[in-house]
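Summary of the model geometry
Letter by letter, the chains look like this.
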Amino acid sequence: MVFTLKACKYVIRRHILLETDLDHLIDRIFFMDTPAEIEHVRLKALNNLWMHNRDWTEMAESGGPHVITSGKGVRVTDSEGNSWIDVNAGYSCVNIGYGRPEIAQAVYEQINKTSFCPIGTTTETVIRLAEKLAELAPGDLNRVFFSTGGSEANETALKIAKAYHNRRGEPGRYRVISRKGSYHGMTGGVLWTGDGPAVHKADYGPAYPGMLHVPQPNPYRCEFGGETESECAILCAQAIEDTILFHGAETISAFIGEPIAIPQGAPVPSKEYWPMVRDICDRYGVIMIADEVVCGFGRTGKMFAMEHFNVVPDIMTVAKGIISAYLPMAGTIVSDRIADSFSGGDASLKHVLTNSGHPVSAAAALKNISIIEEENMVDNAKVVGGYFKNQLENMIMDHPYVGDVRGVGLFLAMELVSDRKTKAGFDTGIEIGVRLTKKFKSKGLIFRARENILHFGPPLCITREEVDEIVHAVDLGLWEFEGECGVGRFA
Amino acid sequence: MNTKTELQGKANRHLWMQAKGWADMTAAGEPMIIESANGISVTDIEGNTWLDVNGGYSSVNIGYGRKDMADIVKNQMLQLSYYPEQTTTFPNALLAEKLAEITPGTLSRVWPVSGGSEANEIAIRMARAYHVRRGDKGRYKIISRYGSYHGATSGVAWLGRPASLGLDQYEPGPLGMIYASQPNPYSCSFGGKSPSECAILCAQDIENLIIQNDPDTIAAIIGEPITSSLGAVVPGEQYWLIVREICDRYGILLIDDEVVCGFGRTGKMFGIEHFGVTPDIMTLAKGLGSSYVPIGAVIATTQIADAFAGKENIFYAALTAGGHPVSTASALANINIIEQEGLVEASAVKGRYFINRLNNLAVKHPIVGDVRGMGLLVAIELDSKFTIDDKELGDWLVNTFKDNGLLLRTLGSRVIQMSPPLCITEAEIDIIVDALDSTLTKLSSYLSKV
């Protein structure tokens, strides 16, 4: 079903304009097609919108912001009518791809039944989604607390971990161990797990008490100098035990990590790592939280990435792919063993979020998961992801700046280095991120280079042909950049 | 097994609902499963209809069951369900424009989020970062009022240290939390005998706290114009003016949490308008989208936002679902409905009627200690001299309301706050007040037994 602007206009007019005066509004949202109207919106965005991680003065000078008006599959179209491939599917979140009318229909039907529900009540969609997640999640991960995004899901997980120890008579367990080079969200607690850029810390300090950090098991840049993947994994896992012993196991609440971390560009830990971490957590009574916000729902070629390592965490957090960003939705999935401590009376968890278990988001998430399953998108991520990685690896031969290609499924990354031997990065003055992002854009990709790391997290419905388009554009962009820097074939 | 039993079994097996354990729910034959809703009524899976006196979480401002909202959401989702990072969309820009237009003073730049906790998290971070941008790096402490609620995530849960979050079990909390007294005229911490006297004493308390804690270390003061977590506590009219003046004097930012009070809830578009004060940062959620889909926002004044202009000054923070085009489109439609249907004025008018009827109830029932509120954020507080175990009283009240066709939660056990959709009719208010009347009559005989 192709929903054109005209058809959209017709449907809305027919259904609602006679009853309420949303006429003007609808015209403004959906049908701004004259240059003057588009310019009006652009100015309003510059004057009144605080875009995430953006600065409006620079954007004004460069003719921004870039306004997107529609999307389909891996592509989006902007207000000028240009089409682009969104290489990172939003923030690696539009797993089923853009523009699936089935989700809109499910949402429409749920709002027409009930858009929300009173305190202490729920709806069938929310219950069915909880049941579905319990079915998909491994082991005894059977109980779901819903929220609206990954930050809230991880906050909830940390809260449950602390409250669990409290109920078992161990109130002194408050510290949380996370890995450098991880990201778990940006609200007041989880911001201090992992390590975001220093500016975040300066802006939101002082740090939340009790946050401990251990090295990332990144085989390409092992902090302990591990020479093989296995050695790196074992040394990094061992560091967790050392940290627990140094601070005293009786003070440690939880360990949190993504199966495969995001900020350092999909460094896949060697197979020893997670079983060792699981064992260490068990040995010292530390709760193991797996953050599947990015990795979950097929991104890595398994439904959940922890399945690659055959490890079941105590708590698993999900967001993004659970609903492919059609609406806000997230969940904290808890093992029966932990949840049993909260079953009733004074032991109930005191934790309230207005949008926990939103019936409309639940309807969208249910439909999203059924699309992932029915269209074998997890398999597609594995197969096309394998092809994609192969194509990226082929670029190593031609491009002196390509230091490493890594990842699994459709969670891939390429790390660029100025010297392969020393693995040195690039001077900030070179502005590699800004320059590459511009080059990719000139070749039809919306694809932000995060300095020297290129992250690839497209919709899971991507085809080999679309992968070829991306690889070709990246290839050309790198040629140009290397040429300008005086290296490579065209230097 | 019928559908209800099946679904309740599954809910109690797999769903972690808010603030109530599944063993208790199983014992009580809960959770109630809602099948449809319209206006202020909801209907459960067995066809029983109830009045949702709390309007969701004081959030369904335009009322349930608006087909036009379903249309807008569907059409935006068909048009564009999400967008690439560092780009934007029509509804995001238009919602920002709209919020800048309807908020007071120079509040003009909108950072979209998906709920109240996130909004307050961002507001606090923005306040601290603002001082950093100005080279005033030592300012990190936040003053909140004891008993207020500003969210459940770690950065904001400790603001106000609300009893409802059981924070003792999460110690240690974040650094820099300072608690001021709540300007509650019914039980003024400083013994103020009138709302004005209480307001002035409580505002003065804030200045004392600032001086004691070193003014140069304080980033912001956060508060709801009318405190919803303690049951529609309306401060005396001087309070916010004095607080604003104190903030200006010490270079402290004023964060106005309008998550509950915003969008007509108190009979003005924003609660702070009752007090003639413009905050530096305002946070919005709930009524912004009437809970049709999750949305929230932070709006800052031009002066605050300007500190973040330029490549060197970027405010680094991102939320996947912040600025979701479906959420922003639905918020635009929601605000449009509030304006076109005169719901702000309706809230003021219906609220006066509601308060009048509650005052009459207080005359009849001496157990009612206080009636208060503005617009359709109203509350009664039961007199504490009638002693009974709190948990028991709270449960008894909620169950009795339910027997009378009302879904109505208490705050703690003695405060009953009502925040129905703004489209409520006088006839529906009568039903609520009559149900309260009969509940209070029963309560008297219940109390004489225990």
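Residues numbered from 1 in each chain as written. Chains lettered and ligands numbered in written order. Predicted model: local features only at pLDDT ≥ 70, side-chain atom pairs only at ≥ 80, totals over all residues. Heavy atoms only, no water.

1. Details of the domain arrangement of chain B
All names here are of chain B. As far as domains go, chain B holds domain 1 (32–62 + 342–449) and domain 2 (68–340). Between the C-alpha centres of domain 1 and domain 2 there is a distance of 27 Å. Taken together, the contact between domain 1 and domain 2 spans 29 residues of the former and 33 residues of the latter. In total, about 2300 Å² of surface goes out of reach between domain 1 and domain 2, with carbon and sulfur atoms giving 59% of it. The interface formed by domain 1 and domain 2 holds zero salt bridges in total. Summed over the shared surface of domain 1 and domain 2, the number is 20 residue pairs in polar contact (both at pLDDT 80 or more). When residues of the side of domain 1 that touches domain 2 are traced back to their parent elements, those giving at least two are α3 (55–58), α12 (343–364), β12 (368–374), β13 (377–382) and β15 (415–418). (Domains from an automatic or database assignment. Contact = heavy atoms within 4.5 Å. Buried area = accessible area lost by both parts, 1.4 Å probe. Salt bridge = Lys/Arg side-chain N within 4 Å of Asp/Glu carboxyl O. Polar contact = N/O pair within 3.5 Å; in protein donor to acceptor, adjacent residues only side chain to side chain. Helix = DSSP H or I, 4+ residues; strand = E, 2+ residues; numbered from the N terminus.)

2. A word on the sheet that holds β12 of chain B
All names here are of chain B. Pairing is antiparallel in the open sheet, where three strands are placed in the order β12-β13-β15. A single partner strand is all that each edge strand has here, and the edge strands are β12 and β15. Each neighbouring strand pair of the sheet contributes to a mean axis angle of 15°, computed without reference to strand direction. Pairing between β13 and β15: four bridges, direction antiparallel. (Pairing = 2+ DSSP bridges. Axes fitted to C-alpha atoms, helices over the stretch in contact; angles between N-to-C directions.)

3. Here we look at helix α13 (residues 359–374) of chain A
All names here are of chain A. Between its first and last C-alpha atoms α13 spans 23 Å; for 16 residues at 1.5 Å apiece the expected length is 22 Å, and the two agree. Taken across its 16 residues, α13 has twelve buried, putting it largely inside the fold. Where α13 is buried, its residues meet α6 (101–113), α7 (124–136) and α14 (377–398). Of the residues trailing α13, Asn376 is marked for its positive phi of about 50°. (Expected span 1.5 Å × (residues − 1). Buried < 20%, exposed > 50% of the residue type's maximum accessible area, 1.4 Å probe, protein only.)

4. Side note on α7 of chain A
When the terminal C-alpha atoms of α7 of chain A are compared, their 18 Å separation across 13 residues agrees well with the 18 Å that a helix rising 1.5 Å per residue should span. Taken together, the buried positions of α7 of chain A are Thr125, Val126, Ile127, Leu129, Ala130, Lys132, Leu133, Ala134 and Leu136 of chain A.

5. Structural notes on the sheet that holds strand β15 (residues 453–456) of chain A
Residues and elements named next belong to chain A. The strand order β12-β13-β15 describes an open sheet built from three strands, whose pairing is antiparallel. The two strands at the open ends of the sheet, each matched to only one other strand, are β12 (402–408) and β15. Sheet twist, expressed as the average angle between the axes of neighbouring strands with direction ignored, equals 15°. Sheet analysis places β12 next to strand β13 (residues 411–416), joined by six bridges and oriented antiparallel. By the bridge assignment for β13, Asp404 is matched with Glu415. The strands that α14 touches are β12, β13 and β15; relative to β12, the one it contacts most, it runs at about 170°. Contacting β12, β13 and β15, helix α16 (residues 464–484) crosses the sheet at an angle of about 170° to β15.

6. Digging into the domain arrangement of chain A
Residue and element names in this part refer to chain A. For chain A, the domain assignment lists domain 1 (103–374) and domain 2 (376–491). Domain 1 and domain 2 are separated by 29 Å when their C-alpha centres are compared. Residue-level contacts link 26 residues of domain 1 with 23 residues of domain 2. Roughly 1900 Å² of surface becomes buried between domain 1 and domain 2 when both sides are summed, with 59% attributable to carbon and sulfur atoms. Contact with domain 2 buries surface across domain 1, with Tyr220, Arg221 and Arg299 losing the most and accounting together for 38% of the total. Summed over the shared surface of domain 1 and domain 2, the result is one salt bridge. Note that Arg221 and Glu415 form a salt bridge whose closest N and O atoms lie 2.5 Å from each other. At the boundary of domain 1 with domain 2, the tally comes to eleven residue pairs in polar contact (both at pLDDT 80 or more). A breakdown of the residues in the side of domain 1 that touches domain 2 according to their chemical character gives 14 nonpolar, seven polar and five charged. (Nonpolar A, V, L, I, M, F, W, Y, C, P; charged D, E, K, R; others polar.)

7. Points about the interface of chain B and chain A
Each partner contributes residues to the interface: chain B has 132 residues there, and chain A has 136 residues. Between chain B and chain A, a total of about 12600 Å² is buried, with carbon and sulfur atoms accounting for 62% of that surface. Summed over the shared surface of chain B and chain A, the result is nine salt bridges. Note that Arg133 of chain B is salt-bridged to Asp203 of chain A, the shortest N-O span being 2.8 Å. Linking chain B with chain A are 56 residue pairs in polar contact (both at pLDDT 80 or more), by the criterion used here. Counting residues per element, the side of chain B that touches chain A draws most heavily on helix α4 (residues 67–79) of chain B, at twelve residues. Partitioned by chemical class, the residues of the side of chain B that touches chain A number 71 nonpolar, 36 polar and 25 charged. Two elements, strand β4 (residues 121–122) of chain A and strand β1 (residues 32–38) of chain B, share two bridges in a ladder whose sense is parallel. Following the sheet pairing, Thr121 of chain A is matched in β1 of chain B by Met32 of chain B.

8. A look at the pairing of strand β3 (residues 49–52) of chain B
Residues and elements named next belong to chain B. Across three bridges, strand β2 (residues 41–44) lies against β3 in antiparallel orientation. Bridging across to β3, Val42 finds its partner in Trp50. Between β2 and the antiparallel strand that follows it, β3, lie four residues; Gly47 among them carries a positive phi value of about 90°. Looking at chain direction, β3 and strand β14 (residues 406–407) are connected through two bridges and run parallel. Bridge assignment links Asp52 to a residue of β14, and that residue is Leu407.

9. Examining the side chain of Ser253 of chain A
Within the secondary structure, Ser253 of chain A is located in strand β8 (residues 252–257). For Ser253 of chain A, the residues in contact, after removing those within four places along its chain, are Ala161, Lys162, His165, Arg173, Tyr174, Arg175, Val286 and Ile287 of chain A.

10. Focus on unusual backbone geometry
The omega angle of the peptide bond from Gly64 of chain A to Pro65 of chain A is -5°, so this bond is cis rather than trans. Phi is positive for Ser290 of chain B, which is not a glycine, with a value near 50°. Tracing the backbone through its elements, the reader meets Ser290 of chain B in the loop between β10 (281–284) and β11 (296–301). On the accessibility criterion, Ser290 of chain B (0% relative accessible area) is buried.

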